[in-house]
Structures are given as structure tokens and as C-alpha cells.
Amino acid sequence: MMRSPIYRLIQVITLMIAAVFAVSGFFGLRELAWRHDAAVNTQLLSGLVLSAVAIGVPGLLYILFGSTILRVFRIDWMSLQFGALVGMILYGVYNVITPLTAESNRFDPARRLLTGGIDGLLIGAMIGGVVMFISGRALAFNRTDLLRYLTLYVVVIGLAWFVVVFSTTTNMADVLALAVTVLIVGLIKVIVLQLDRRSASDAE
């Protein structure tokens, strides 16, 4: 069913409003959890701007081109959601066992779990997005797909750790570190594609 531009405009506006509340609220709650009360207003504004850009740009394309743009840029939301959940658990537990920052040392274990979990939620969603790109498949909760997802998740975490440590020890510029990360992610994507093609050939 073809949706009119006005219909799509209303969809984008309502989604943007929901995103502003969700992202701004998340940023604000994060600062409260870290006891950075003075930074709450700034983070609320940052969330508003980020939401407007993140929803506004693809939203404009959706208004102009309709569902065609959705077929070009397919997003597996479950990959992002599951990645966020895994990241929240891993980051929260790790922050309890080994405080990730000097500031975390002054928190009790419950607050370290909270702050680590909040940060891990966002980090995990980003990792899930990278895994989604590399895998090229929607996440299904069967043994094969789940093992594939978690394996790639660990690989991406290892890659992020390697880039952070390497760039820190060599004083690498942030832009160069980002370029190296994108290059390695692209290489992993090619390797996964080749493995998938080989598996498909063997199955025939």
C-alpha cells in the first residue's frame, strides 16, 4: 500500500518526538547515575540534537522516497536490541568486578552495576549494529544463528579493544583510528561473505 508524503511526514514527526524523549532521557539519567547533576541540562540538549539528526536525515529520505528507502537500508532491530542487552550485562558486571574508571572506585557495587549497565546499553547497541552489518543476516534465536551472532560480537569487542589500546600506546589520531577500524570491519565482512558462499557451495 502506497503511503502519501503527508502520512509519512506524520510518521517521521511522531517518531522524532519519541526519539527525543528516549535519547534525552537516557542521557539525562546517565548523568544522574554518575552523579554529574550539573551536566544534566547539557546532556538533555545533546540528546535532542542527536535525535533530530539521527531521525531527521533518514526521515527526510523516507518522506521523499517512501518504503523504497526502507528496502535499501534494512535494519534488523533485534540485532541492535539483543546487542544492547548483552552489552548492558557484560559492561555492568565487569564494572562491578573491575571498576572501569577512577570515578567508579568511589561507588558501591550496586551503583557500579547501574552505571556500567547504562553505558553498556549504548555500547552494546553499537556493537550489535556492527555485527548486523558484518553478518548480513537477521538474528534468529536458533543455535546456529545465535552462535554466529555471539562469535561476531566477541570479535567486534576484541577489535574495539585492540584499536583503543593500539591508538593509545601509539598516540594515533582519532580520525586515523576510526579509519583503521572501518578498514578492519570491512575486511571481516569480506571474510564472512566468503565463508557463507563456501558453506552454500558445500551444501549444494
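These figures come from a predicted structure and were not determined experimentally.

Parameters at a glance
Residues numbered from 1 in each chain as written. Predicted model: local features only at pLDDT ≥ 70, side-chain atom pairs only at ≥ 80, totals over all residues. Heavy atoms only, no water. Phe/Tyr/Trp six-rings, centres within 6.5 Å; stacked < 30°, edge-to-face > 60°. Helix = DSSP H or I, 4+ residues; strand = E, 2+ residues; numbered from the N terminus. Buried < 20%, exposed > 50% of the residue type's maximum accessible area, 1.4 Å probe, protein only. 1 Å grid on protein atoms, 1.4 Å probe; cavity = no way out; pocket = protein on both sides within 12 Å on 5 of 7 lines; lining within 4 Å. Points joined across faces, edges and corners; volume = space filled by probe spheres on them. Nonpolar A, V, L, I, M, F, W, Y, C, P; charged D, E, K, R; others polar. pLDDT = per-residue confidence, 0-100. Expected span 1.5 Å × (residues − 1). Polar contact = N/O pair within 3.5 Å; in protein donor to acceptor, adjacent residues only side chain to side chain. Core = buried A, V, L, I, M, F, W, Y, C linked by side-chain atoms within 4.5 Å. Contact = heavy atoms within 4.5 Å. Axes fitted to C-alpha atoms, helices over the stretch in contact; angles between N-to-C directions. Parallel < 35°, antiparallel > 145°, perpendicular 65-115°, else oblique. Left-handed = near helix turned anticlockwise from the far one by under 90°.

Within the structure shown, the criterion is met by 6 aromatic pairs. Aromatic side chains W34 and F107 sit 5.7 Å apart centroid to centroid with 55° between the ring planes, which places their arrangement in the tilted category. Within this pair, whereas W34 is found in the loop between α1 (5-33) and α2 (40-65), its partner F107 is found in the loop between α4 (77-97) and α5 (109-135), the two being separated by 73 residues in sequence. Per residue, the accessibility class of W34 equals that of F107, and both read buried. Arranged with centres 6.0 Å apart and planes meeting at 35°, the rings of Y149 and Y153 form a pair that is tilted. You can see Y149 and its partner Y153 sitting in helix α6 (residues 143-169), 4 residues apart, about one turn around the helix.

Here the largest pocket is characterised by a volume of approximately 1,500 Å³. Lining of the largest pocket is provided by 33 residues; of these, A54, I55, I75, W77 and L80 occupy positions nearest its centre. Put simply, the parts of the chain that give the lining of the largest pocket at least two residues each are α1, α2, α3 (68-72), α4 and α5. Empty space within the second largest pocket amounts to approximately 750 Å³. Those elements that provide at least two residues to the lining of the second largest pocket are α4, α5, α6 and α7 (174-203). Per-element tally for the lining of the second largest pocket: the top contributor is α6, with 8 residues. Counted by class, the lining of the second largest pocket contains 18 nonpolar, 4 polar and no charged residues.

The next point concerns the confidence of the model for the protein. Summarising the model, the protein shows a mean pLDDT of 86, and 95% of its residues fall at 70 or more. Within the protein, the lowest mean pLDDT, 66, falls on α3, and the highest, 92, falls on α4.

Taking 1.5 Å per residue, 27 residues should reach 39 Å; α6 reaches 39 Å between its end C-alpha atoms and fits that length. What α6 keeps buried is the set D145, R148, Y149, L152, Y153, V156, L159, V163 and S167. One side-chain oxygen at the N-terminal end of α6 lies 3.3 Å from the backbone nitrogen of T144; it belongs to N142. Looking one or two residues past α6, N171 carries a phi angle of roughly 55°, positive in sign.

Another point: the nonpolar core. Formed by 17 residues in total, the largest nonpolar core has its most connected members in V131, I134, Y149 and Y153. Mapped onto this core, the elements with two or more residues apiece are α4, α5, α6 and α7. The contact partners of I134, leaving out residues within four places of it in the chain, are L152, V156, V185, I188, K189 and V192.

It is worth spelling out the side chain of S51 at this point. Looking at where S51 falls in the secondary structure, it is placed in helix α2. At 3.2 Å, the side chain of S51 and the backbone oxygen of A19 are in polar contact. In this view, S51 contacts A19, V20, V23 and G56; residues no more than four positions away in its chain are not counted.

Moving on: α1. Between its first and last C-alpha atoms α1 spans 41 Å; for 29 residues at 1.5 Å apiece the expected length is 42 Å, and the two agree. Among all positions of α1, only R8, V12, A19, S24, F27, G28, E31 and A33 are buried. Positioned one or two residues after α1, R35 has a phi angle of 65°, which is positive.

In the contact formed by α1 and α5, the axes pass within 10 Å of each other and the chain directions differ by 150°. Looking at the two axes, α1 sits roughly antiparallel to α5. As for how α1 packs across α5, the hand of that crossing is left-handed. Here F26, F27, L29, R30, L32 and A33 of α1 lie close against α5, whose contacting residues are R111, L114, T115, I118, D119, L121 and L122. Residues that form the contact of α1 with α5 fall into these classes: 9 nonpolar, 1 polar and 3 charged.

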